[in-house]
Amino acid sequence: MVLAEKAPLMHLAAGGGPLYNFLISLGLILGVTALAGFLLGGAQYGIAPGVLGGVIAYWLLARRSFKRVELLSREVGGIMEAAGRKVNLQRQPKQQEAVMQAAIDQAIKKLRGAYAIASWQWGIRAQMDGQIGQLLFMGKRFDRAKPYLKDGFARVWTTRAMLGVCHFKGQAWEAMNSAFAESEKHNKKQGMLYAVWAWCVLNAKDGRKSDQRRDHAIEILARGEKKTESKDPLLQKNLEALRNGRSMRMQGYGNQWYMFHLERPRQAQTRQVIRGR
């Protein structure tokens, strides 16, 4: 099954029309304010109950919308877990790949169902785009993953890190660094973010000499060590390695490292990554 490209939706989350939870709550505020003001003998007396009623209504409506999204996300998780079990029954890599790609397509189709909910509540479209982008990235569809990852929440560090890796693979070095830098703004204490960024800088064929790339990578890791308050031992080890002219070793991050498709794990580790999904 071939997935369609991103299509704009006509709601505020995509730059178009209304978010209905907000409009309903606003209407309730105006209605309760007018009614309470009439009953209490003055518009000023209706403001407090009107605002309170609108805030409660918005909270309940938003909670309902996110509950629906949470249910969809759980179904997606079930799809990927079932695919992981099927992959473990396949001996041929091509068969394993076919199973995972089919599951990814099925999961993305399910997530697209949340776009209708996004018309009601801010934040849902970005949440779904981020998840779709990560699934496409997982399936090594890097070019198609980029617009979804870009529109996903920047506060989710893996979303922007995956976008940075996509640009690394496309040799768009400025865009790569911009994506990682944006993720850093919201995830200053995420040690692995700095490690992945430094690895990409170190291995970038961007026209600079290896010593220049190494110095840049050291700068990134040193900043990460400071921001994380030296709480990531693997980051510290890699920083020490680069300072002493050795290579970075990312295997200590385990499955989380291999999900970025920058190094290939052994076969046994590959199966663990799939089961971890």
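As a reminder, the structure under discussion sits directly above these lines.
This one's a predicted model, so the numbers in the text were calculated from it and none came from an experiment.

Parameters at a glance
- Residues numbered from 1 in each chain as written.
- Predicted model: local features only at pLDDT ≥ 70, side-chain atom pairs only at ≥ 80, totals over all residues.
- Heavy atoms only, no water.
- Helix = DSSP H or I, 4+ residues; strand = E, 2+ residues; numbered from the N terminus.
- Buried < 20%, exposed > 50% of the residue type's maximum accessible area, 1.4 Å probe, protein only.
- Contact = heavy atoms within 4.5 Å.
- Areas by Shrake-Rupley, 256 points an atom, 1.4 Å probe, with all protein chains shown as cover.
- Patch = residues over 30% accessible without salt bridge, like charges linked within 9 Å, V, L, I, M, F, W, Y side chains within 5 Å.
- Salt bridge = Lys/Arg side-chain N within 4 Å of Asp/Glu carboxyl O.
- Axes fitted to C-alpha atoms, helices over the stretch in contact; angles between N-to-C directions.
- Parallel < 35°, antiparallel > 145°, perpendicular 65-115°, else oblique.
- Left-handed = near helix turned anticlockwise from the far one by under 90°.
- Nonpolar A, V, L, I, M, F, W, Y, C, P; charged D, E, K, R; others polar.
- Expected span 1.5 Å × (residues − 1).
- Phe/Tyr/Trp six-rings, centres within 6.5 Å; stacked < 30°, edge-to-face > 60°.
- Lys NZ or Arg CZ within 6 Å of the ring centre and 35° of its normal.
- Core = buried A, V, L, I, M, F, W, Y, C linked by side-chain atoms within 4.5 Å.

## A short note on the overall build of the protein chain
Logical step 1: Of the regular secondary structure elements, the protein chain holds 13 helices and zero strands.
Logical step 2: Taken across its 277 residues, the protein chain has 42% of its residues classed as buried.
Logical step 3: Counting contacts in the protein chain only where the partners sit at least 6 residues apart, residues at least 24 apart contribute 60% of the total.
Logical step 4: Counting every atom, the protein chain has about 15200 Å² of accessible surface; 56% of that belongs to carbon and sulfur.

## Looking at a nonpolar patch on the surface
Logical step 1: Taken together, the side chains of Tyr20, Phe22, Leu23, Ile24, Leu26 and Leu30 present a nonpolar region at the surface, about 540 Å² in accessible area.
Logical step 2: Inspection of the secondary structure puts Leu26 in helix H1 (residues 20-40).

## Some points on the packing of helix H8 (residues 173-186) against helix H9 (residues 191-203)
Logical step 1: Interaxial distance between H8 and H9 falls to 10 Å at its minimum, and their mutual angle equals 165°. Between H8 and H9, the crossing angle belongs to the class labelled roughly antiparallel. The hand of the H8/H9 crossing is left-handed. Contact residues: Met176, Asn177, Phe180, Ala181, Ser183 and Glu184 in H8; Leu193, Tyr194, Val196, Trp197, Cys200 and Val201 in H9.
Logical step 2: Grouping the constituent residues of the contact of H8 with H9 by class yields nine nonpolar, two polar and one charged.

## A look at the environment of Leu202
Logical step 1: If you trace the backbone, Leu202 turns up in helix H9.
Logical step 2: When its relative accessible area of 16% is taken as the criterion, Leu202 is described as buried.
Logical step 3: Remark: the alpha-carbon pair of Leu202 and Gln212, spanning 10 residues in sequence, is separated by 8.8 Å.
Logical step 4: When near neighbours in sequence (up to four residues on either side) are disregarded, Leu202 contacts Arg213, Arg214, Ala217, Leu242 and Met248.

## A short note on unusual backbone geometry
Logical step 1: Phi at Gln171 takes a positive value of approximately 60°, unusual for a residue other than glycine.
Logical step 2: For Gln171, the position within the fold is in the loop between helix H7 (157-169) and H8.
Logical step 3: One non-glycine residue, His261, adopts positive backbone phi at about 55°.

## A look at helix H10 (residues 210-227)
Logical step 1: Helix length check: H10 (18 residues) gives 26 Å between terminal C-alpha atoms against 26 Å at 1.5 Å per residue, within 8%.
Logical step 2: Buried within H10 are the following residues: Arg213, His216, Ala217, Ile218, Ile220, Leu221 and Gly224.
Logical step 3: Looking at the buried positions of H10, the neighbouring elements they touch are H8, H9 and helix H11 (233-243).
Logical step 4: Glu229 lies just past H10 and shows a positive phi near 60°.

## What to know about the packing of aromatic side chains
Remark: the centre distance and the inter-plane angle together describe each pair of aromatic rings, the angle taken between the planes.
Logical step 1: Scanning the entire structure with this criterion turns up eight aromatic pairs.
Logical step 2: With centroids separated by 5.9 Å and ring planes inclined at 40°, the aromatic side chains of Trp157 and Phe260 adopt a geometry described as tilted. Here Trp157, found in helix H7, pairs with Phe260, found in the loop between helix H12 (255-258) and helix H13 (267-276); they are 103 residues apart in sequence, far enough to count as distant.
Logical step 3: Residue class for Trp157 comes out buried when judged on its relative accessible area of 10%.
Logical step 4: Among the aromatic residues, ring-to-ring pairing joins Phe168, Trp173, Trp199 and Trp257 into one connected group.
Logical step 5: Taking the ring centre of Trp120 as reference, the NZ or CZ of Arg64 above it sits at 5.8 Å.

## Describing the nonpolar core
Logical step 1: Counting residues in each nonpolar core, the largest one holds 67 residues, and the members touching the most others are Met80, Val196 and Phe260.
Logical step 2: In terms of residues, this core owes the most to one element, H9, which gives 11 residues.
Logical step 3: If we ignore the near neighbours within four places in the chain, the residues touching Phe260 are Phe137, Trp157, Thr158, Ala161, Met162, Val165, Lys169, Met192 and Val196.

## Things to note about the packing of helix H2 (residues 47-89) against helix H5 (residues 124-138)
Logical step 1: Running from N to C, H2 and H5 cross one another at 10°; their axes reach a closest spacing of 11 Å. With respect to H5, the axis of H2 lies roughly parallel. Seen from H2, the contacting residues are Ser65, Phe66, Val69, Ser73, Val76 and Met80; seen from H5, they are Ile124, Gln127, Met128, Gln131, Leu135 and Met138.
Logical step 2: Residues belonging to the contact of H2 with H5 are distributed by class as follows: eight nonpolar, four polar and no charged.

## Considering the side chain of Ser65
Logical step 1: Turning to its location among the elements, Ser65 is positioned in helix H2.
Logical step 2: Here Ser65 falls in the buried class, since its relative accessible area comes to 1%.
Logical step 3: Setting aside chain neighbours within four positions, we find Ser65 in contact with Asn21, Ile117, Trp120, Gln121 and Ile124.

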